[in-house]
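# Working through the structure, step by step
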Amino acid sequence: AKQGSPAQGEIISALVRDSGLNIEVGGGIRSKADIEYLLTSGVRRVVLGSICVSDPELVKTWLKEFGCDKIVLALDCQLKDGVPVVKTHGWQEDS
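In what follows, the accompanying structure is described. (Residues numbered from 1 in each chain as written. Predicted model: local features only at pLDDT ≥ 70, side-chain atom pairs only at ≥ 80, totals over all residues. Heavy atoms only, no water.)

This paragraph deals with the overall build of the protein chain. Of regular secondary structure, the protein chain possesses four helices and six strands. Tracing the protein chain from N to C terminus, the helices and strands come up as α-β-α-β-α-α-β-β-β-β. For the protein chain, the C-alpha atoms occupy an extent of roughly 45 × 25 × 20 Å along the three principal directions. A buried classification covers 32% of the 95 residues belonging to the protein chain. Taking contacts inside the protein chain between residues at least 6 apart in sequence as the whole, the part at least 24 apart equals 45%. When the accessible surface of the protein chain is summed, it comes to about 5,900 Å², and 52% of that surface belongs to carbon and sulfur atoms. Charge separation in the protein chain, taken as the distance between the mean sites of 11 positive and 13 negative side-chain charges, equals 2 Å. (Helix = DSSP H or I, 4+ residues; strand = E, 2+ residues; numbered from the N terminus. Buried < 20%, exposed > 50% of the residue type's maximum accessible area, 1.4 Å probe, protein only. Contact = heavy atoms within 4.5 Å. Areas by Shrake-Rupley, 256 points an atom, 1.4 Å probe, with all protein chains shown as cover. Lys, Arg positive; Asp, Glu negative; His and termini not counted. Charge placed at Lys NZ, Arg CZ, Asp CG, Glu CD.)

Encoded structure:
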């Protein structure tokens, strides 16, 4: 996620191919090409995080294009003085 793009594509593809498991992948997914690559690799669902905060309109188009069964929205939170704060970009930024 800190890189801003999926870094383990070959490993993920092999895991999907060889395990027979339903795999969800998230972390650093910020482009349509990332989503297409993962889905064509056999990933069951793609988990989007930071992009939901930084570009919600783009995420809406992806939900329409790929379907709600292929995309999961997830946000990471951290408590700061008892107040939940959404963390983005690999836990590097507050939102």
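What follows deals with the pairing of strand 5 (residues 83–88). Note: strand 4 (residues 76–80) against strand 5, five bridges, orientation antiparallel. Residue pairing in the sheet places Cys 77 in a bridge with Val 86 of strand 5. Taking the residues between adjacent antiparallel strands as the criterion, strand 4 and strand 5 are bridged by two residues, where Asp 81 takes a positive phi near 55°. In this structure, strand 5 lies alongside strand 6 (residues 93–94), joined through two bridges in antiparallel fashion. Its bridge partner lying in strand 6, Thr 88 is registered against Glu 93. The hairpin formed by strand 5 and strand 6 contains four residues between the paired strands, and His 89 there has a positive phi angle of roughly 55°. (Pairing = 2+ DSSP bridges.)

Applying the stated rule across the entire model yields four salt bridges. The shortest N-O distance in the salt bridge between Arg 45 and Glu 24 comes to 2.6 Å. Residue Arg 45 is located in strand 2 (residues 45–48), and its partner Glu 24 is located in strand 1 (residues 24–26); the two are separated by 21 residues in the primary sequence. Measuring nitrogen to oxygen at the nearest pair gives 3.0 Å for the salt bridge that ties Glu 65 to Lys 32. (Salt bridge = Lys/Arg side-chain N within 4 Å of Asp/Glu carboxyl O.)

Once that is clear, we can look at the state of the cysteines. The tally for this structure, following the rule as stated, stands at zero disulfides. Among the cysteines around Cys 68, which has no disulfide bond, Cys 52 carries the closest sulfur, lying 12 Å off. By relative accessible area, Cys 68 is classed as exposed at 64%. Cys 77 carries a free sulfur, and the closest cysteine sulfur to it, the one in Cys 52, is 12 Å from it. (Disulfide = S-S within 2.5 Å.)

We now examine the sheet that holds strand 6. Strand pairs in the sheet, formed through backbone hydrogen bonds, run parallel or antiparallel to each other. In spatial order, the strands read 4-5-6; together these three strands make up an open sheet with antiparallel pairing. Of all the strands in the sheet, just strand 4 and strand 6 have a single pairing partner and so form its edges.

Turning our attention to the sheet that holds strand 2. The three strands lie next to each other as 1-2-3, forming an open sheet whose pairing is parallel. In the strand order of this sheet, the two ends are held by strand 1 and strand 3 (71–73), each with one partner. With direction set aside, neighbouring strand axes in the sheet form an average angle of 25°. The sheet contact formed by strand 1 and strand 2 spans three bridges and is parallel. Within the sheet, the bridge partner assigned to Val 25 lies in strand 2 and is Val 46. Across the sheet, helix 2 (residues 32–40) lies against strand 1, strand 2 and strand 3, angled at about 150° from strand 2, the strand it touches most. (Axes fitted to C-alpha atoms, helices over the stretch in contact; angles between N-to-C directions.)

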